[in-house]
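Listed below are the residues making up each chain.
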Amino acid sequence: MHKFTVSITREIEADTAEEAALLLYQELSTGPIPDRYSVVDETKAATEVKLDRQKADEFASIDHTADPGNW
C-alpha cells in the first residue's frame, strides 16, 4: 500500500494561525464537503484531483476496510 498526503486549500482571513485553523474546522464541519484536493505521493509527485460527487458519495458509503484486498 502506498502513502499519500492529501490537502485542501482555503484562503481564510484571521488574526492568528489558530483562529484560521478553527475557522477552517468550522467550515468543514458545517459546510459542503470539499471536492478538490492536492495529492502528493511518496516520490513527491503532486496531482490536483477533482472528485465526482456522486462517485465519491458511493465510495464513502462502502466499508472498504472489510475488503481483503485492502489488508
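Let me begin by describing the structure that accompanies this report.

Conventions and cut-offs
- Residues numbered from 1 in each chain as written.
- Predicted model: local features only at pLDDT ≥ 70, side-chain atom pairs only at ≥ 80, totals over all residues.
- Heavy atoms only, no water.
- Salt bridge = Lys/Arg side-chain N within 4 Å of Asp/Glu carboxyl O.
- Helix = DSSP H or I, 4+ residues; strand = E, 2+ residues; numbered from the N terminus.
- Buried < 20%, exposed > 50% of the residue type's maximum accessible area, 1.4 Å probe, protein only.
- Polar contact = N/O pair within 3.5 Å; in protein donor to acceptor, adjacent residues only side chain to side chain.
- Contact = heavy atoms within 4.5 Å.

**A few points about the pattern of salt bridges**
In step 1: What the rule picks out here adds up to 2 salt bridges.
In step 2: Linking Glu27 and Arg10 is a salt bridge whose minimum nitrogen-to-oxygen distance equals 2.5 Å. Of this pair, Glu27 sits in helix α1 (residues 17-30) while Arg10 sits in the loop between β1 (5-7) and α1, and the two are 17 residues apart along the sequence.
In step 3: For Glu27, a relative accessible area of 31% puts it in the partly exposed group.
In step 4: Classification of Arg10 by relative accessible area gives partly exposed; the value is 32%.

**Some points on helix α2 (residues 53-60)**
In step 1: The element α2 is largely exposed, with a buried count of 0 among its 8 residues.
In step 2: Capping the start of α2, Asp52 holds a side-chain oxygen 3.0 Å from the backbone nitrogen of Gln54, two or three residues further along.

**Section: the environment of Thr5**
In step 1: Among the structural elements, Thr5 can be located in strand β1.
In step 2: Spatially, the C-alpha atoms of Thr5 and Thr16 are 25 Å apart, while their sequence positions differ by 11 residues.
In step 3: Once residues lying within four places of it in the same chain are set aside, the contact partners of Thr5 are Ser38, Val39 and Val40.

None of the figures reported here should be taken as evidence of function without further support.
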